[in-house]
Amino acid sequence: MRLSRYFMPILKENPKEAEIVSHRLMLRAGMIRQQSQGIYSWLPLGKRVLDKVNAIIRDEQNRAGAIELSMPTLQSAELWQESGRYDAYGKEMLRIKDRQDRPMLYGPTNEEMVTDIFRSSVKSYKDLPLNLYHIQLKFRDEIRPRFGTMRSREFMMKDAYSFDLTREAAEHSYNKMFAAYLRTFDRLGLRAIPMRADTGPIGGKLSHEFIILADTGESEVFCHKDFVDFDIPGEHTDFDSVEGLQAIFDKWTSLYAATSEMHDEAAFNAVPEGDRLSARGIEVGHIFYFGTKYSEPMGAKVQGPDGKEHFVHMGSYGIGPTRLVPAIIEASHDDKGIIWPASVAPFDIVVINMKAGDQACDDTCELIYAALTKAGKDVLYDDTDDRAGTKFATADLIGVPVQIIAGPRAVANGEVEVKDRKTGARETMTIEAAINRFVA
Ligand code: P5A
């Protein structure tokens, strides 16, 4: 992508409305724009990051055996009347009427709709287990939308829903998502700690929130500090192994970890004082087991091996991609801007032409840009006629992991500089060496 032809509206000044660093940096880097309170457009640079986050989430959901579908944002009120949540959900639900005066709503979550899909076509235990997910916009009319897309009214969610014949089988499904979440957040460059949490309007008695420790987090959390160094399940994890997944779950729940709503002061005080971590955190995921809460009132049942009908045991599993992007920034930035983990960076490399219009600089940059693009890298080429200082500041602000800098003096020697955004380390090397480093 040539910057001169891209759309990346950088802000020079710090936006006044932004209270936390991720919100400030997302606005300054031209990643998002607020359209009305708590409702955002994702501008091209932000959209690239969001797509990469979603690709990792999708990959790990698929690995764990979940199947993707797509459900609509608008739902009919009737479904929610069946489960009893239409009235219970309160003012957070955006209620709309269509032209025939039928009550509709902008979905805050999809338990009812997916249960309806399930009951219309699954009739036998032989079709279980089943886990269906989608990545879709949601709307919750939050009392206090704030911190940009961290807590917005319209937001994206990956929501998965599992269906099983028995409670034991449902626990295996829960453990699959538990392990998949550990892997997902790790690939996003984050350390997320599962913590016992309040189930709120989703219901049931068992749930875990996945929390990123951050001073700017909205949740108050308490946990054993060893979680920070626990091993993440590897990519060859056998998701069909009941014992294997139970062992992962048991390990990751063996020490104290709870959000403030579930906090047990006495249990926490039993943790040796030096091992106690009392901190703030960002909830990036939340998984639930709620048994037959929806299947019973909505009549979602299958025939079991005993020939009788059984209400299915269900769980639901949410991740917030539009919250994850600022959470990643909260965890990874410096005073110059964002530092993207390579897995979600909007571009792999930025090529900075320090003197656009200078034939040697232009030729060198074109050569590098073409070679790296051909090798499948996402390359941003800063071919604008901005001052070099402005270009460096922009490159640091948008946080692309590698900068290849071509200035007249180095280019005259057949060389460029390669800068690592995270460490700031710079290395001068031949043009060929710079290309080879990233092509291999
Ligand atoms: C689980 C999947 C649910 O809604 N139903 C379907 C269950 N869970 S949840 O905890 O309420 O939300 C799941 C995740 O969505 C993100 N999230 C938000 N992100 C941005 N702005 C919001 N207002 C918002 N509300 C929820 C969080 O990451 C949460 O863990």
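For the structure itself, consult the block above.
Residues numbered from 1 in each chain as written. Predicted model: local features only at pLDDT ≥ 70, side-chain atom pairs only at ≥ 80, totals over all residues. Heavy atoms only, no water.

Across its full length, the protein carries 14 helices and 23 strands. If one aligns the C-alpha atoms of the protein with their principal axes, the spans along those axes are about 80 × 60 × 40 Å. Considering only intrachain contacts with a sequence separation of at least 6, the fraction spanning at least 24 residues in the protein is 71%. Of the roughly 19,600 Å² of accessible surface on the protein, 48% is carried by carbon and sulfur atoms. Of the side-chain charges in the protein, 55 are positive and 66 negative, and the distance between the mean point of each set is 4 Å. (Helix = DSSP H or I, 4+ residues; strand = E, 2+ residues; numbered from the N terminus. Contact = heavy atoms within 4.5 Å. Areas by Shrake-Rupley, 256 points an atom, 1.4 Å probe, with all protein chains shown as cover. Lys, Arg positive; Asp, Glu negative; His and termini not counted. Charge placed at Lys NZ, Arg CZ, Asp CG, Glu CD.)

As a structural note, the neighbourhood of the ligand is formed by 23 residues, with Glu111, Arg140, Glu142, Ser152 and Glu283 the closest of them. In the environment of the ligand, a nitrogen atom lies 2.7 Å from a nitrogen or oxygen atom belonging to the side chain of Glu111. Contact with the protein chains removes 96% of the 590 Å² of surface that the ligand exposes when unbound. Within the residue set of the shell around the ligand, elements represented by two or more residues are strand E8 (154–164), strand E13 (276–291) and strand E16 (313–319). Of the residues contributing to the shell around the ligand, the split by class is eight nonpolar, eight polar and seven charged. (Near = heavy atom within 4 Å. Polar contact = N/O pair within 3.5 Å; in protein donor to acceptor, adjacent residues only side chain to side chain. Nonpolar A, V, L, I, M, F, W, Y, C, P; charged D, E, K, R; others polar.)

Examined bridge by bridge, strand E5 (residues 94–97) and strand E6 (residues 103–106) share four bridges and lie antiparallel to one another. Bridge pairing in E6 places Ile96 opposite Met104. Hairpin connection from E5 to E6: five residues lie between these consecutive antiparallel strands, with Asp101 at a positive phi of about 70 degrees. (Pairing = 2+ DSSP bridges.)

Any two packed helices are characterised by how steeply their axes cross, that is the angle between the axes, and by the distance between the axes. Relative to each other, helix H6 (residues 167–187) and helix H7 (residues 242–252) sit at 60 degrees, their axes nearing to 9 Å. In this view, H6 runs oblique relative to H7, as classed from their interaxial angle. Here the hand of the crossing between H6 and H7 comes out left-handed. Along the contact surface, H6 presents His172, Tyr174, Asn175, Lys176, Phe178, Ala179 and Leu182, while H7 presents Val242, Leu245, Gln246, Ile248, Phe249 and Trp252. Its residues assigned to classes, the contact of H6 with H7 comprises nine nonpolar, three polar and one charged. (Axes fitted to C-alpha atoms, helices over the stretch in contact; angles between N-to-C directions. Parallel < 35°, antiparallel > 145°, perpendicular 65-115°, else oblique. Left-handed = near helix turned anticlockwise from the far one by under 90°.)

It is worth spelling out the packing of helix H11 (residues 359–374) against helix H14 (residues 431–439) at this point. For the pair H11 and H14, interaxial distance at closest approach is 10 Å and the crossing angle is 20 degrees. It follows that H11 is roughly parallel to H14 by the angle criterion. When the axes of H11 and H14 are compared, the crossing they make is right-handed. The segment H11 lies against H14, with Thr364, Leu367, Ile368, Ala371 and Leu372 engaging Ile431, Ile435, Phe438 and Val439. Classifying every residue of the contact of H11 with H14 by side-chain character gives eight nonpolar, one polar and no charged.

The next subject is helix H10 (residues 321–331). Where burial is concerned, most of H10 is hidden: ten out of the eleven residues are buried. Every buried residue belonging to H10 is among Pro321, Thr322, Arg323, Leu324, Val325, Pro326, Ala327, Ile328, Ile329 and Glu330, and all of these are buried. (Buried < 20%, exposed > 50% of the residue type's maximum accessible area, 1.4 Å probe, protein only.)

Ordered in space as E20-E19-E21-E22-E23, the five strands form an open sheet in which the pairing is mixed. Pairing within the sheet leaves two strands with one partner each, and these edge strands are strand E20 (379–382) and strand E23 (426–430). Averaged over all pairs of adjacent strands, the angle between their axes in this sheet comes to 25 degrees, without regard to strand direction. The strands touched by H14 within the sheet are strand E19 (349–353), strand E21 (402–406), strand E22 (415–420) and E23, with E23 carrying the most contacts at an inclination of about 110 degrees.

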